[in-house]
Amino acid sequence: EPEVTQTPSHQVTQMGQEVILRCVPISNHLYFYWYRQILGQKVEFLVSFYNNEISEKSEIFDDQFSVERPDGSNFTLKIRSTKLEDSAMYFCASSYTGELFFGEGSRLTVL
Amino acid sequence: SQQGEEDPQALSIQEGENATMNCSYKTSINNLQWYRQNSGRGLVHLILIRSNEREKHSGRLRVTLDTSKKSSSLLITASRAADTASYFCANRPSGSARQLTFGSGTQLTVLP
């Protein structure tokens, strides 16, 4: 069964460092998303991406965040200068119609 | 504003019993979805109900939607220990192209 894969599964970084989280969405899907979940809290929408551009973003997705689909398969989330409060589980998802298919997440720990 | 708030926050039942979780939301929606999350894992889509539907079934799952009350319920019948997980409702507000807004979730524990 096709699945969304994410790397790395866990990344530890120092505050102020740049981080890139990678995702390979399901191949025939058209819509791509990043969500985050701070430990013990709800899943929060960050950004959606369609036709090689951002279609929606939340207020969390400020100038320190960016997304890219550099080739036909990868979908990346970059955090330019990490803060302590960026520590969270980051989930990539893709969809073709209404339902989202999520990856297993990348746990980011900012020290 | 908060959307998609589930209750109860936590539910503990015996295997074989039914589990009912409720979700409320604030704005008009295109559809409402339920997802499941095992601890530390990704979310798995369970069922989608459109705003013009009132009830939907999938295996042991039954979802209802009452748009007049802005609420939905998820019923899991004949629960199993493997159903232990967090369950989230998520809605796509009208006017939103693709964004899903998740609730806080119900932590279900099914005791063997």
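Since this is a predicted model, take the numbers as computed values, not measurements.

All names here are of chain A. A sheet is described by the order of its strands in space; here 4 strands give the open sequence β1-β3-β8-β7, paired in antiparallel fashion. Edge strands, defined here as strands with exactly one partner in the open sheet, are β1 (5-7) and β7 (65-68). Each neighbouring strand pair of the sheet contributes to a mean axis angle of 20°, computed without reference to strand direction. Where strand β3 (residues 19-24) lies against strand β8 (residues 75-79), 5 bridges are found, and the strand directions are antiparallel. Residue pairing in the sheet places I20 in a bridge with K78 of β8.

Our focus in this paragraph is unusual backbone geometry. All names here are of chain A. Looking along the chain, the bond that leaves T7 and enters P8 is cis, with omega of -10°. Mapped onto the elements, P8 comes out in the loop between β1 and β2 (10-13). Positive phi outside glycine occurs at N51, with the angle close to 55°. If you trace the backbone, N51 turns up in the loop between β5 (43-50) and β6 (53-57). A residue is classified by how much of its surface remains accessible, and N51, at 59% relative accessible area, is exposed.

What follows deals with the state of the cysteines. All names here are of chain A. Considering all chains together, one arrives at 2 disulfides over all chains under this definition. Disulfide pairing places C23 opposite C92 at an S-S distance of 1.9 Å. Handedness here is read from the sign of the S-S torsion; for C23 and C92, about -65°, the answer is left-handed. Taken together, the residues span a long stretch of sequence, with C23 in strand β3 and C92 in strand β9 (residues 88-95) at a distance of 69 residues.

Parameters at a glance
- Residues numbered from 1 in each chain as written.
- Chains lettered and ligands numbered in written order.
- Predicted model: local features only at pLDDT ≥ 70, side-chain atom pairs only at ≥ 80, totals over all residues.
- Heavy atoms only, no water.
- Pairing = 2+ DSSP bridges.
- Helix = DSSP H or I, 4+ residues; strand = E, 2+ residues; numbered from the N terminus.
- Axes fitted to C-alpha atoms, helices over the stretch in contact; angles between N-to-C directions.
- Buried < 20%, exposed > 50% of the residue type's maximum accessible area, 1.4 Å probe, protein only.
- Disulfide = S-S within 2.5 Å.

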